[in-house]
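Chain and residue survey
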Amino acid sequence: GQQLNQSPQSMFIQEGEDVSMNCTSSSIFNTWLWYKQDPGEGPVLLIALYKAGELTSNGRLTAQFGITRKDSFLNISASIPSDVGIYFCAGQKGESGGSNYKLTFGKGTLLTVNP
Amino acid sequence: SAVISQKPSRDICQRGTSLTIQCQVDSQVTMMFWYRQQPGQSLTLIATANQGSEATYESGFVIDKFPISRPNLTFSTLTVSNMSPEDSSIYLCSVDWAFFGQGTRLTVV
């Protein structure tokens, strides 16, 4: 099935550094979502983006919905050890509850933060 | 918001047996989703569970292998039938796109 191209696959950074990851697709999505998954847990929604060009922040996290609607990035500033985990992007073609409600997920970015 | 309780959290099962995973939501929801996450991989949608109708399965997943029940608006079960080691994965339920259960880590031996 269709997949999103998420990169990088993994990152090793020092505490305090900024980190950026992105997702690209060959097709258009109307909603972009970013999740974090800790070991043994389900994904937790970090940021949802609904409009092309939209830039949204959630604390130290900032995400943007690409103008072409085919890409998105997530930035984490001033990383801390608890940022460790797997970050997933996901795209949705339609509105929740509509016929295109299904999510397509990227393969994830494993983030390691060295204290 | 929604709080999702999924159980069991993990299990080790014998080849050829079946396991039923339960998902309880603290509010009424129209659609519930079941995902599979194979080791080190992303999430793949298995099926959408609608109350009052049969589940809708994605390509590559069939009802005989993954029967789903949705008896009311707050509860659903996913059964992994006739298991093989290839079924070893994390299985997750979700409501809307914002809320996921903590997952069931299944190991088939």
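Bear in mind the structure is a predicted one, so any value in this text is a computation, not a measurement.

This next bit is on the sheet that holds strand E3 (residues 19–25) of chain B. Residues and elements named next belong to chain B. In spatial order, the strands read E1-E3-E8-E7; together these four strands make up an open sheet with antiparallel pairing. Strands at the two margins of the open sheet, each flanked by one partner only, are strand E1 (4–7) and strand E7 (68–72). Going across the sheet, the axis of each strand differs from the next one's by a mean of 15 degrees, ignoring polarity. When E3 meets strand E8 (residues 75–80), the two strands line up antiparallel, connected through six bridges. Within E8, the position partnered with Gln-24 by the bridge is Phe-75.

Each partner contributes to the interface: chain B provides 18 residues, whereas chain A provides 20 residues. Counting each side, the surface lost to burial between chain B and chain A is near 1600 Å², with a carbon and sulfur contribution of 59%. Sorting the residues of chain B by area buried against chain A places Ser42(B), Trp97(B) and Phe100(B) first, and these three jointly supply 39% of that buried surface. The interface formed by chain B and chain A holds one salt bridge in total. In this structure, the salt-bridge partner of Glu58(B) is Lys102(A), at a minimum N-O distance of 3.3 Å. Of all the secondary-structure elements, those providing two or more residues to the side of chain B that touches chain A are strand E4 (31–37) and strand E5 (43–50) of chain B. With four residues, E4(B) is the largest single contributor of residues to the side of chain B that touches chain A. Residue classes in the side of chain B that touches chain A are distributed as nine nonpolar, six polar and three charged.

Before going further, it helps to examine unusual backbone geometry. The linkage connecting Ser7(A) with the following residue, Pro8(A), adopts the cis geometry, with an omega of -5 degrees. Mapped onto the elements, Pro8(A) comes out in the loop between strand E1 (5–7) and strand E2 (10–14). Here Lys7(B) and Pro8(B) are connected by a cis peptide whose omega angle stands at 5 degrees. Here Pro8(B) lies in the loop between E1 and strand E2 (10–13). Although it is not a glycine, Asn82(B) adopts a positive phi angle of roughly 45 degrees.

The subject of this paragraph is the pairing of E5(B). All names here are of chain B. In terms of burial, E5 is a largely internal element, seven of the eight residues being buried. With seven bridges connecting them, E4 and E5 associate as antiparallel partners. Residue pairing across strands places Tyr-35 opposite Leu-45, the latter belonging to E5. Two successive antiparallel strands, E4 and E5, enclose a turn made up of five residues, where Gly-40 displays a positive phi of approximately 70 degrees. Relative to strand E6 (residues 56–57), E5 is paired through two bridges, and the arrangement is antiparallel.

Let us now look at the sheet that holds strand E6 (residues 55–58) of chain A. Residues and elements named next belong to chain A. Pairing in this open sheet of five strands is antiparallel, and the strands run E1-E3-E8-E7-E6 from one edge to the other. Whereas interior strands pair on both sides, the edge strands pair on one side only; in this sheet they are E1 and E6. Geometrically, the sheet is characterised by an average inter-axis angle of 15 degrees between neighbouring strands, direction not taken into account. Sheet topology places E6 next to strand E7 (residues 61–65); four bridges connect them, and they run antiparallel. In the sheet register, Asn-58 faces E7, and the bridge partner there is Leu-61.

Glancing now at the pattern of salt bridges. Residues and elements named next belong to chain A. This model, assessed by the stated rule, comprises four salt bridges over all chains. A salt bridge links Arg-60 to Asp-83; its shortest N-O distance comes to 2.8 Å. Of this pair, Arg-60 sits in the loop between E6 and E7 while Asp-83 sits in the loop between strand E8 (71–76) and strand E9 (85–92); the two residues are 23 residues apart in sequence, bridging distant segments of the chain.

What follows concerns the nonpolar core. With 26 residues, the main nonpolar core has Trp34(B), Ile46(B), Phe66(B), Ile68(B), Leu78(B), Tyr91(B) and Leu106(B) as its most contacted residues. For this core, the secondary-structure elements that each account for two or more residues are E3, E4, E5, E8, strand E9 (89–95) and strand E11 (104–108) of chain B. At four residues, E3(B) tops the list of elements feeding residues into this core. Of all hydrophobic cores here, the second largest spans 21 residues; its members include Ile13(A), Phe29(A), Leu74(A) and Tyr87(A).

Rules used throughout
- Residues numbered from 1 in each chain as written.
- Chains lettered and ligands numbered in written order.
- Predicted model: local features only at pLDDT ≥ 70, side-chain atom pairs only at ≥ 80, totals over all residues.
- Heavy atoms only, no water.
- Pairing = 2+ DSSP bridges.
- Helix = DSSP H or I, 4+ residues; strand = E, 2+ residues; numbered from the N terminus.
- Axes fitted to C-alpha atoms, helices over the stretch in contact; angles between N-to-C directions.
- Contact = heavy atoms within 4.5 Å.
- Buried area = accessible area lost by both parts, 1.4 Å probe.
- Salt bridge = Lys/Arg side-chain N within 4 Å of Asp/Glu carboxyl O.
- Nonpolar A, V, L, I, M, F, W, Y, C, P; charged D, E, K, R; others polar.
- Buried < 20%, exposed > 50% of the residue type's maximum accessible area, 1.4 Å probe, protein only.
- Core = buried A, V, L, I, M, F, W, Y, C linked by side-chain atoms within 4.5 Å.

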